[in-house]
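Fold and contact review
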Amino acid sequence: RVTISGTGRVEGDVVSRHRPVTQSGGQLDGSWERFNPGALRGAGIVGWLALWVAVSVSTLALGLLLLWLAPRVADAAAAAAGDAIGPVIGWGLLLTIGLPIVAVLAMVTLVGFPLGLGLLLALGLIYGIGYTTGAWLLGRRVARRAHPMVAFLAGWAILRVLALVPVLGAIAWFVATVVGLGALAVAGHRSRRRVVEAPVAARAMAGPPPTPATP
């Protein structure tokens, strides 16, 4: 409720649930418009649903594309999440929380500003890859014998349904992103270690070089 006193003057417009009360001598130069909170709530719900649809479509397309381009990476991430859950969670928390901190710290210096800005701009894609990997891992848990695409769709559907619940959706996003990024990090570390150890193992299997014959 708006009350304009005898010495008060409102030069603009008034938006309120009730018509302003103007006392003797008060002045309202603008117009009055009735406030409708229901319209704002409706617009907020529509905007939130539009955002949910946009995120759902983008994560679905990203997950299917990654699974099609790099199916072995997905399998390696699933293996890492199955037998190294501790390192997976540790690396996932480090990447999910540490990357934006590193980006902000890098932007403080002039030399590191381009790197920090690029990292900040890339966080959406990085988190999206982690989220879709987490959806794949969840789908593998739910549908173990299903086709990889079907398993991903199952995990993705579960996460997108949970995203409809405000608090639970945020928790599910964080957990999926942490596990997904951690599984990718552990799988990448294992792959690099196998590449390094392969030549050593090959030389060991070959045995010592032959002794040259003496005249």
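Residues numbered from 1 in each chain as written. Predicted model: local features only at pLDDT ≥ 70, side-chain atom pairs only at ≥ 80, totals over all residues. Heavy atoms only, no water.

Next up on the list: the overall build of the protein. Within the protein, the secondary structure is distributed over six helices and six strands. Buried residues in the protein amount to 27% of all 215 residues. For the protein, contacts bridging at least 24 residues in sequence account for 53% of all contacts bridging at least 6. Roughly 14,000 Å² of accessible area belongs to the protein as shown, and the carbon and sulfur atoms make up 70% of that amount. (Helix = DSSP H or I, 4+ residues; strand = E, 2+ residues; numbered from the N terminus. Buried < 20%, exposed > 50% of the residue type's maximum accessible area, 1.4 Å probe, protein only. Contact = heavy atoms within 4.5 Å. Areas by Shrake-Rupley, 256 points an atom, 1.4 Å probe, with all protein chains shown as cover.)

With that settled, the discussion passes to the packing of helix α4 (residues 113-142) against helix α5 (residues 148-162). α5 packs onto α4 with a crossing angle of 110° between their chain directions and a minimal axis gap of 7 Å. Classified by the interaxial angle, the pair formed by α4 and α5 is roughly perpendicular. Along its contact with α4, which presents Tyr131, Thr132, Gly134, Ala135, Trp136, Leu138, Gly139, Arg140 and Val142, the element α5 presents Pro148, Ala151, Phe152, Gly155, Trp156, Ile158, Leu159 and Arg160. Split by residue class, the contact of α4 with α5 holds eleven nonpolar, four polar and two charged. (Axes fitted to C-alpha atoms, helices over the stretch in contact; angles between N-to-C directions. Parallel < 35°, antiparallel > 145°, perpendicular 65-115°, else oblique. Nonpolar A, V, L, I, M, F, W, Y, C, P; charged D, E, K, R; others polar.)

By size, the foremost hydrophobic cluster in this structure holds 20 residues, and its most contacted members are Trp136, Leu137, Phe152, Leu159 and Ala183. Where this core is concerned, the elements lending two or more residues are α2 (71-83), α4, α5 and α6 (166-206). The leading source of residues in this core is α2, at five residues. Excluding residues that lie within four positions of it along the chain, phenylalanine 152 makes contacts with Thr59, Leu60, Gly63, Leu64, Leu67, Thr132, Ala135 and Trp136. Ranked by size, the runner-up nonpolar core spans six residues in total, among them Leu99, Ala103, Leu119 and Tyr127. (Core = buried A, V, L, I, M, F, W, Y, C linked by side-chain atoms within 4.5 Å.)

So, about the side chain of threonine 132. Structurally, threonine 132 can be placed in helix α4. According to the relative accessible area criterion, threonine 132 is buried, its value standing at 4%. When near neighbours in sequence (up to four residues on either side) are disregarded, threonine 132 contacts Thr59, Leu62, Gly63, Leu66 and Phe152.

Below, the discussion takes up the pattern of salt bridges. Considering all chains together, one arrives at three salt bridges under this definition. Of the charged contacts, one joins arginine 9 and aspartate 29 as a salt bridge, the two residues approaching to 2.8 Å between their closest N and O atoms. Of this pair, arginine 9 sits in strand β2 (residues 9-10) while aspartate 29 is found in the loop between β5 (27-28) and β6 (32-34), placing the two residues 20 residues apart along the sequence. With a relative accessible area of 54%, arginine 9 lands in the exposed category. (Salt bridge = Lys/Arg side-chain N within 4 Å of Asp/Glu carboxyl O.)

What follows covers the packing of aromatic side chains. Summed over all chains, the structure comprises one aromatic pair. Ring geometry for tyrosine 127 against tryptophan 173: centres 5.7 Å apart, planes inclined by 90°, an arrangement best described as edge-to-face. In this pair, tyrosine 127 is assigned in helix α4 and tryptophan 173 in helix α6, connecting sequence segments 46 residues apart. By relative accessible area, which is 35% here, tryptophan 173 ends up partly exposed. (Phe/Tyr/Trp six-rings, centres within 6.5 Å; stacked < 30°, edge-to-face > 60°.)

The terminal C-alpha atoms of α2 lie 19 Å apart, and with 13 residues this matches the ideal 18 Å at 1.5 Å per residue to within 8%. All of the buried residues in α2 are Ala74, Ala77, Ala78, Ala80 and Ala81. All buried residues of α2 fall inside an arc of 160° around its axis, so they share one side. For α2, exposure combined with an orientation more than 90 degrees from the buried face picks out Arg72, Gly82 and Asp83. (Expected span 1.5 Å × (residues − 1). Arc of directions from axis to C-beta.)

So, about the environment of alanine 106. Structurally, alanine 106 can be placed in helix α3 (residues 85-108). Between the C-alpha atoms of alanine 106 and leucine 119, which are 13 residues apart in sequence, the distance is 9.4 Å. Apart from residues no more than four positions distant in its own chain, alanine 106 is found in contact with Gly112, Phe113 and Gly116.

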